[in-house]
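Read off the chains here:
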Amino acid sequence: MNSQRIEKILERYFHGETSLTEEGVLREYFRQESLPPHLVDLKAQFLLYEEEKNAQLPDDFDKALFEAIGNHERSKKVSRRSVIYYVASVAATILILITVFIRFDPLARNSATSAEAEEAFAEASRVLYFVSDKFMQGTKPMSKVTRFNKGIDDLTTVKKFDNGMEKTAAVSKFNQITNLIINPAPEQGAK
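Among the surface-exposed residues, V83, Y86, V87, V90, I94, I98 and I102 lie close enough to one another that they form a single nonpolar patch of about 660 Å² accessible area. One can find I94 in helix α4 (residues 61-103).

Here you go:
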């Protein structure tokens, strides 16, 4: 086949203007062993198209994909939660050490009276309760994650519906072509 004709078809192909028969001509052309040097790079692309056309996805591909996405999301949440717990535990430890140091400071020259010690203990307890309350408020939104996951699971049903609608699009296209063949449009010149 003439390489100039193939180049014209290739130009139309890359603009998305080719028909199925023209694409078949391109696939046949690129199966040849001897090609012009400037078209050799495209041979692998067209051979890959041919291989992928015959490839089949496993039946449970969608299920496996959504499970992998869910596992990834859960691992992110767990790591985020563990960081929050770690930071909170470090803050609580520091507060406890400060409280112990203030209460039992061996380097202090003046011994604190029991009233001052009780006041310091009360202040440290108040701060620890405050930190605990804020920490609990921060973790409450995480309980809603299960409802979010249920919503994502419900969306997989919608995805199946979308897949069915895509398959019916081919039937709709077939009906349009059939209608054009059965009822051709009147010529513009005749009224």
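Okay, the side chain of K43 next. Inspection of the secondary structure assignment puts K43 in helix α3 (residues 40-54). Buried and unpaired, K43 has no salt bridge, with E33 as the nearest side chain of opposite charge at 4.1 Å. A distance of 2.8 Å separates the side chain of K43 from the backbone oxygen of Q32, its partner in a polar contact. In contact with K43, other than residues within four places in its own chain, are F30, R31, Q32, E33 and L35.

Another aspect to go through is the pattern of salt bridges. Note that side chains of opposite charge can pair when their charged atoms are close. As enumerated under the stated definition, the model contains 3 salt bridges in all. We note a salt bridge from E22 to R12, for which the minimum N-O separation is 2.4 Å. Of the two residues, E22 sits in helix α2 (residues 20-29) while R12 sits in helix α1 (residues 3-14), which places them 10 residues apart along the sequence. Salt-bridge contacts for E123 lead to R126; the nearest nitrogen and oxygen are separated by 2.6 Å. Taken together, the positions of E123 and R126, both in helix α5 (residues 114-139) and 3 residues apart, correspond to about one turn of that helix. Residue classification places E123 among the partly exposed residues on the basis of a relative accessible area of 39%.

Attention now moves to the side chain of T18. Residue position: T18 is located in the loop between α1 and α2. Within the structure, T18 has its side chain in polar contact with the side chain of E23 (distance 3.0 Å).

With that settled, consider the packing of aromatic side chains. A full pass over the atoms with the stated rule returns 5 aromatic pairs. Summarising the aromatic geometry, the rings of Y13 and F46 are spaced 5.3 Å apart at their centres and angled 45° between planes, so their arrangement reads as tilted. Here F46 lies in helix α3 and Y13 lies in helix α1, a separation of 33 residues in the sequence. Taken together, a centroid distance of 5.5 Å and an interplanar angle of 55° make the contact between Y85 and F135 tilted. Here Y85 is found in helix α4, whereas its partner F135 is found in helix α5, with 50 residues between them in sequence. Residue classification places Y85 among the partly exposed positions, given a relative accessible area of 44%. Put simply, the rings of Y13, F14, Y29, F30 and F46 touch in pairs and so form one group of aromatic residues.

Moving on to the packing of α1 against α3. Running from N to C, α1 and α3 cross one another at 60°; their axes reach a closest spacing of 14 Å. In terms of axis orientation, α1 runs oblique to α3. Once α1 is placed against α3, the crossing between them reads as left-handed. Mapping the contact onto sequence places L10, Y13 and F14 in α1 and L42, Q45, F46 and Y49 in α3. Across the contact of α1 with α3, the residue classes break down as 6 nonpolar, 1 polar and no charged.

So, about the packing of α1 against α2. Relative to each other, α1 and α2 sit at 125°, their axes nearing to 10 Å. What the angle tells us is that α1 and α2 run oblique. Our pair here, α1 against α2, has a crossing hand that is left-handed. On the side of α1, the interface is formed by S3, I6, I9, L10, R12 and Y13, while α2 contributes E22, E23, V25, L26 and Y29.

Buried together is how nonpolar side chains tend to be arranged in soluble globular proteins. In terms of nonpolar packing, the biggest core is built from 11 residues, these being I6, I9, L10, Y13, L26, Y29, F30, L35, L39, L42 and F46. For this core, the elements supplying multiple residues, two or more each, are α1, α2 and α3. Apart from the residues lying within four places of it in its own chain, the contact partners of L26 are I6, I9, L10, Y13 and F46.

Conventions used here
- Residues numbered from 1 in each chain as written.
- Predicted model: local features only at pLDDT ≥ 70, side-chain atom pairs only at ≥ 80, totals over all residues.
- Heavy atoms only, no water.
- Patch = residues over 30% accessible without salt bridge, like charges linked within 9 Å, V, L, I, M, F, W, Y side chains within 5 Å.
- Areas by Shrake-Rupley, 256 points an atom, 1.4 Å probe, with all protein chains shown as cover.
- Salt bridge = Lys/Arg side-chain N within 4 Å of Asp/Glu carboxyl O.
- Helix = DSSP H or I, 4+ residues; strand = E, 2+ residues; numbered from the N terminus.
- Buried < 20%, exposed > 50% of the residue type's maximum accessible area, 1.4 Å probe, protein only.
- Lys, Arg positive; Asp, Glu negative; His and termini not counted.
- Polar contact = N/O pair within 3.5 Å; in protein donor to acceptor, adjacent residues only side chain to side chain.
- Contact = heavy atoms within 4.5 Å.
- Phe/Tyr/Trp six-rings, centres within 6.5 Å; stacked < 30°, edge-to-face > 60°.
- Axes fitted to C-alpha atoms, helices over the stretch in contact; angles between N-to-C directions.
- Parallel < 35°, antiparallel > 145°, perpendicular 65-115°, else oblique.
- Left-handed = near helix turned anticlockwise from the far one by under 90°.
- Nonpolar A, V, L, I, M, F, W, Y, C, P; charged D, E, K, R; others polar.
- Core = buried A, V, L, I, M, F, W, Y, C linked by side-chain atoms within 4.5 Å.

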